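As a plain string of letters, each chain reads:
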Amino acid sequence: MTLPRFGVWAPVHGSRAAHHDPDEPDDASWARNRALVLEAEALGFDAVLVAQHTVNPYDDARDQLETWTATAALAALTRRIELIAAIKPGLFHPVVLAKMALQIEHISEGRFALNLVNAWNATEFEAAGLPFPEHDARYAYGAEWIGLVSRLMRGERVSHEGRHFRVSGLQLRPADPWRARPRIYLGGESEPARALVAAEGDVWFINGQPLDAVRGLIADAAARPRGDLPPLRFGLSAFVIARETDEEAEAEHARLLALADGDAGLRAASRTRVDPAVVMIRTMAQARAVGTNGGTAAGLVGSYATVAARLAAFHAAGVVLFMLQFQPFEAEMRRCAERVRPLLGARTLPSSAASGIV
Ligand SMILES: Cc1cc2nc3c(=O)[nH]c(=O)nc-3n(C[C@H](O)[C@H](O)[C@H](O)COP(=O)(O)O)c2cc1C
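Read on for an overview of the structure. (Residues numbered from 1 in each chain as written. Predicted model: local features only at pLDDT ≥ 70, side-chain atom pairs only at ≥ 80, totals over all residues. Heavy atoms only, no water.)

Observations regarding the overall build of the protein
No. 1: A tally of helices and strands in the protein yields 12 helices and 12 strands.
No. 2: Taking 2.2 N^0.38 as the reference for a compact globule, 358 residues should give roughly 21 Å; the C-alpha atoms of the protein span a radius of gyration of 19 Å, in line with that estimate.
No. 3: Projected onto its principal axes, the C-alpha coordinates of the protein cover approximately 60 × 45 × 40 Å.
No. 4: The 358 residues of the protein split such that 55% are buried.
No. 5: Long-range contacts, defined here as pairs at least 24 residues apart, represent 75% of the contacts in the protein between residues at least 6 apart.
No. 6: Surface exposure of the protein reaches about 14,300 Å², of which carbon and sulfur atoms provide 56%.
No. 7: Of the charged side chains in the protein, 38 are positive and 42 negative, and the gap between their average positions amounts to 5 Å. (Helix = DSSP H or I, 4+ residues; strand = E, 2+ residues; numbered from the N terminus. Rg over C-alpha atoms; globule rule 2.2 N^0.38 Å. Buried < 20%, exposed > 50% of the residue type's maximum accessible area, 1.4 Å probe, protein only. Contact = heavy atoms within 4.5 Å. Areas by Shrake-Rupley, 256 points an atom, 1.4 Å probe, with all protein chains shown as cover. Lys, Arg positive; Asp, Glu negative; His and termini not counted. Charge placed at Lys NZ, Arg CZ, Asp CG, Glu CD.)

Following this line, the structure appears as structure tokens:
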């Protein structure tokens, strides 16, 4: 069996578990993101996910990194790591976005991917005067949108007359010389999310949750028709707390949960912006966990051996990429690279530019 790949979430809106942590200043700056991604690459991480929010989802007075410009810059600075930029279809016209994606594919020499997310933060759209249709209508828009983006990224000459877009005999050059097109991830759990990833995606990102739930989601998605596409692959978001012993890791989890309780006001404000139809939010409300997108609900809390064993179990269930969060991010990311990853089969760093991409 192939080895799993490991990625990190860029701190685009600062800390992932708690925003008032004496060990980690809440820092969403470009300088911090740049340094963190360069270090992740040097440590052997395979991918970075740059989430997309135009304004900070917790508090619009806080900083927020811009995804696509930052990813283009990271593409020029890095050599091996896969760069995954999130995109909410309602924010960009598909022709403009496909052009940007192909440009970053060129800057990175074949290491670019987009993560299609259909958005939950209604306020972000409404404050900008942008339409925010209801949940399933957003997915219908996203389906037409990604169909166009996918064909344009393949270099096809596209003519299209649909409900939302009209394109006449348009093709983008230069095309992708490394592969058919940049990779397409999708994050979202609802029925239309599953249908869309099966029809158009390469990798489905699942929110962190227990192994049995993840097995069920993978079975559901893997059974869906794929047309000409190769089998769907699976990524898992999770927050890792690893220590010498299970007890030490549990104590650290309790400390972070208590710190996160101090953010109750920020989280309550963020909940007022949420579309209640979003399945992800319902999944996450069920667990007492730290981190976003499931976080510690995936159970990656324990001794180095415990965490490695749970990662191996998820991998055996079909997860090929773990998209990880930590706090304090830099120190815990190093610890994971040095203490947990080698237990799953150490890999020497590939030397050529794009060899980390499989
Ligand atoms: C791995 C992952 C990454 C995500 N990244 C973002 C993001 O960058 N911005 C955002 O607004 N939502 C993000 N989301 C949340 C999706 O927008 C959310 O799940 C969406 O509203 C789909 O809803 P659904 O779960 O009802 O299908 C992400 C979800 C996952 C699983």
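Picking up where we left off.
Notes on the packing of helix 1 (residues 30–43) against helix 12 (residues 329–340)
No. 1: Helix 12 packs onto helix 1 with a crossing angle of 5 degrees between their chain directions and a minimal axis gap of 10 Å. By the angle between their axes, helix 1 is roughly parallel relative to helix 12. Residues Arg32, Leu36, Glu39, Ala40 and Leu43 of helix 1 pack against Phe329, Glu330, Met333, Arg334 and Ala337 of helix 12. (Axes fitted to C-alpha atoms, helices over the stretch in contact; angles between N-to-C directions. Parallel < 35°, antiparallel > 145°, perpendicular 65-115°, else oblique.)

Notes on the packing of helix 1 against helix 2 (residues 67–77)
When two helices pack together, their arrangement is given by the angle between the helix axes and by the axis-to-axis distance.
No. 1: Relative orientation of the contacting elements helix 1 and helix 2 amounts to 40 degrees, with a least axis distance of 11 Å. The orientation of helix 1 relative to helix 2 falls into the category oblique. The two elements helix 1 and helix 2 meet at a crossing, and its hand is right-handed. Counting all contacts with helix 1, which are made through Trp30, Arg34, Val37 and Leu38, the residues of helix 2 involved are Ala70, Ala73, Leu74 and Leu77. (Left-handed = near helix turned anticlockwise from the far one by under 90°.)

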